[in-house]
Amino acid sequence: MPSSDVIVIGAGITGIGAAYYLRAAALSYTILESDADLGGVWHTHRWHGARCDSDFVKYSFSFKPFLSDQCLQSREQIQCYLRSVAAEFGILDHVRFNTRVTRAVFDLAEQRWIVHTSQGTFTARFLINGNGYFSEPYVPRFPGADTFEGEIVHTAALDDRRTFSDKHVVLVGSGSTAVCAAPALAPPVSRSLVLLQRSPTYIYEISNVADRLTRLCQALHARGVTAPLTMLRYYLQARDDLIFVGFRRFPRLARWIFRRHWLDAVGRERFVAHFRPRYNPWEQRIAVAIGLKDKLRTNAIVIKTGEIERFTERSIRLTNGEDLPCDVCILATGFNLNILKFDMYVGDFKIAVAGINFYKGIMLGGVPNYFHPFGAWHTAWTQRSETVIRYAIKIIAYMNTRGFRAVSIDRRDVGFTPPITPGYITRCLSMMPSFYGTYDLPSIDNLVSYRFNRRSFNFS
């Protein structure tokens, strides 16, 4: 069985980041990737308009910032960036593609992980899991869908090379996927496009042009002066955290900001009907739009708010009686949450993720030598996942210098209230672990919550 110090599951942004820091720490590692290419969601999500909705100078790795005149980057650009990072730091040689993990067992006698895959068995002292937290697409059931003569397709199965120039398209959804996809699916890609939302969501549009400060910091970084860009990344994160806390603390002010943002673009009638959510800002993730206002002004996108009563042969009928002509219905209805995508055992005991204590987005209670880097819900994933990876490597280094073979945290009951409540969390809340140990604000956590304290762990 191939053996290494660490097995990393997944060659997405978490796995590639882990590989960089493992290489820097001179730890041997193997990455097991179920797909034929690296990138995670940036390889598999190919729907129209797929992109990151966080400033990419902040989302990209701190050790290899991505320099661009644009704030947000498309799926293709992100995957190219991840490929370039993997090539530059020799990570590709450590990736086993088309290797799906089916079961992982911690051998209590040997104090090692035995990982069973579609391509054989691998062993390592430590396991770092970067398999992401989305699994199967969430596909609501609609009456009459079986008699609909058109096509119903989820964005997970959509390829952005497709066009619908002779089709009336209805895009169902109101979250980030729908907001990103709508401008890209509008005419001339489709004959007509209706964005159908069950209820409004908070949307904030940006121009996607990097400001002068960002361009200056990037120019200095390209010339070897790295401190300004490092400080910019921290500023952007502090800004995001402040907005998150401020909007939740002062929801009336936040609602006023969104009203001012959209009222001139869409008019009072459309604003009241389609841009006033039933919940407060940042109770769910705020969608970031590019070009949506112009498409709405010109009616290239028509927005509707209502419940689907049923599908007819050639339309979607809403509960208010309105019929929307439809040849292709695209579901931007999100995914189901699944933090652990394989069976995991400690000895003969099978680990159940539901309700298990999840310390600082790094370790599950009672699971030795297992690290599960997890980002913050409201901001760029890498802002915390990189810190968690570095923290895990500090733990490994401490064990190596003192001859310890295993590390774990105790199982305990922990109260947990999700910081945000989008559908993919509320649908799967009973199956989630209980997060604790941080403020869920990376600008603070990265400074104070990840200082290594051996008393927080059980070493043996």
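Everything discussed here concerns the structure shown above.
Residues numbered from 1 in each chain as written. Predicted model: local features only at pLDDT ≥ 70, side-chain atom pairs only at ≥ 80, totals over all residues. Heavy atoms only, no water.

Engineer: I tried to follow the overall build of the protein chain on my own but got confused; where do I start?
Structural biologist: A count of helical and extended segments in the protein chain gives twelve helices and 26 strands. In terms of overall dimensions, the protein chain has a C-alpha envelope of 70 × 50 × 40 Å along the principal axes. Buried residues in the protein chain amount to 53% of all 460 residues. The long-range fraction of contacts in the protein chain, counting pairs at least 24 apart against all pairs at least 6 apart in sequence, stands at 73%. Summing over all exposed atoms, the protein chain offers an accessible surface of approximately 20,500 Å²; the carbon and sulfur share of this is 50%. (Helix = DSSP H or I, 4+ residues; strand = E, 2+ residues; numbered from the N terminus. Buried < 20%, exposed > 50% of the residue type's maximum accessible area, 1.4 Å probe, protein only. Contact = heavy atoms within 4.5 Å. Areas by Shrake-Rupley, 256 points an atom, 1.4 Å probe, with all protein chains shown as cover.)

Engineer: I keep staring at the sheet that holds strand β16 (residues 323-325) and nothing clicks. Help me out?
Structural biologist: The pairing of strands in a sheet happens through backbone hydrogen bonds and is either parallel or antiparallel. If you trace the three strands from one edge of the open sheet to the other, you get β14-β15-β16, paired in antiparallel fashion. Each edge of the sheet is formed by a strand with only one pairing partner; in this case those strands are β14 (308-311) and β16. In this sheet, neighbouring strand axes are inclined to one another by 25 degrees on average, regardless of whether the strands run parallel or antiparallel. Bridge analysis of strand β15 (residues 315-318) against β16 gives three bridges, and the strand direction is antiparallel. (Pairing = 2+ DSSP bridges. Axes fitted to C-alpha atoms, helices over the stretch in contact; angles between N-to-C directions.)

Engineer: Please clarify how unusual backbone geometry should be interpreted in this entry.
Structural biologist: With glycine set apart, most residues show a phi of negative sign, and most peptide bonds adopt trans. At the junction of P187 and P188, the peptide bond is cis and its omega measures out at 10 degrees in the coordinates. Position of P188 relative to the elements: it lies in the loop between α5 (176-185) and β10 (190-197). One non-glycine residue with positive phi stands out, namely N208, at about 70 degrees. With respect to the helices and strands, the residue N208 is situated in the loop between β11 (203-205) and α6 (212-222). Its identity as a non-glycine residue notwithstanding, W282 has a phi of 65 degrees, on the positive side. In this structure, W282 sits in the loop between α8 (251-274) and β12 (287-289).

Engineer: Got a minute to help me understand the environment of M432 in this structure?
Structural biologist: Here M432 is to be found in the loop between α11 (423-426) and β25 (434-436). Once the C-alpha coordinates of M432 and I339 are considered, the two residues, 93 residues apart in sequence, prove to be 7.5 Å apart. Apart from the residues lying within four places of it in its own chain, the contact partners of M432 are L337, V353, A354, G355, W377, F416 and I425.

Engineer: Explain the nonpolar core to me, please; I cannot follow it from the model alone.
Structural biologist: Of all hydrophobic cores here, the largest spans 94 residues; its most connected members are F371 and W377. Look past the residues within four positions of W377 in its chain and what remains in contact with it is Y133, R285, L337, P419, I420, Y424, I425, M432 and F435. Among the nonpolar cores identified, the runner-up in size contains 32 residues, and V153, A265, V266 and V328 belong to it. (Core = buried A, V, L, I, M, F, W, Y, C linked by side-chain atoms within 4.5 Å.)

Engineer: Looking at this structure, how should I read helix α7 (residues 227-249)?
Structural biologist: Count 3.6 residues to each turn of an α-helix, and residues three or four apart come out pointing the same way. For α7, built from 23 residues, the straight-helix expectation of 33 Å at 1.5 Å per residue is met to within 8% by its first-to-last C-alpha distance of 33 Å. All buried positions along α7 are accounted for by L229, L232, R233, L236, Q237, D240, D241, F244 and F247. On its buried side, α7 packs onto α3 (56-59), α6, α8, α10 (382-402) and α12 (442-448). (Expected span 1.5 Å × (residues − 1).)

Engineer: What's the story with the side chain of R233 in this structure? I'm lost.
Structural biologist: With respect to the helices and strands, R233 occurs in helix α7. If we ignore the near neighbours within four places in the chain, the residues touching R233 are V57, K58, S60, F61, S62, Q383 and E386.

Engineer: Looking at this structure, how should I read the packing of aromatic side chains?
Structural biologist: Between two aromatic rings, the relevant description is the distance of the centres plus the angle of the planes. Scanning the entire structure with this criterion turns up 45 aromatic pairs. Geometrically, the ring pair formed by F66 and Y81 is edge-to-face, given 5.5 Å between the ring centres and 80 degrees between the ring planes. Of this pair, F66 sits in the loop between α3 and α4 (75-88) while Y81 is found in helix α4, placing the two residues 15 residues apart along the sequence. Take Y81: its relative accessible area is 4%, and that puts it in the buried class. Summarising the aromatic geometry, the rings of F126 and F371 are spaced 6.2 Å apart at their centres and angled 25 degrees between planes, so their arrangement reads as stacked. Of this pair, F126 sits in strand β6 (residues 120-129) while F371 sits in strand β23 (residues 370-371), placing them 245 residues apart in sequence. Accessibility assignment for this pair places F126 and F371 in one class, buried. These aromatic residues form a ring-pair network of at least three members: Y20, Y21, W42, F56, Y59, F61, F63, F66, Y81 and F89. (Phe/Tyr/Trp six-rings, centres within 6.5 Å; stacked < 30°, edge-to-face > 60°.)

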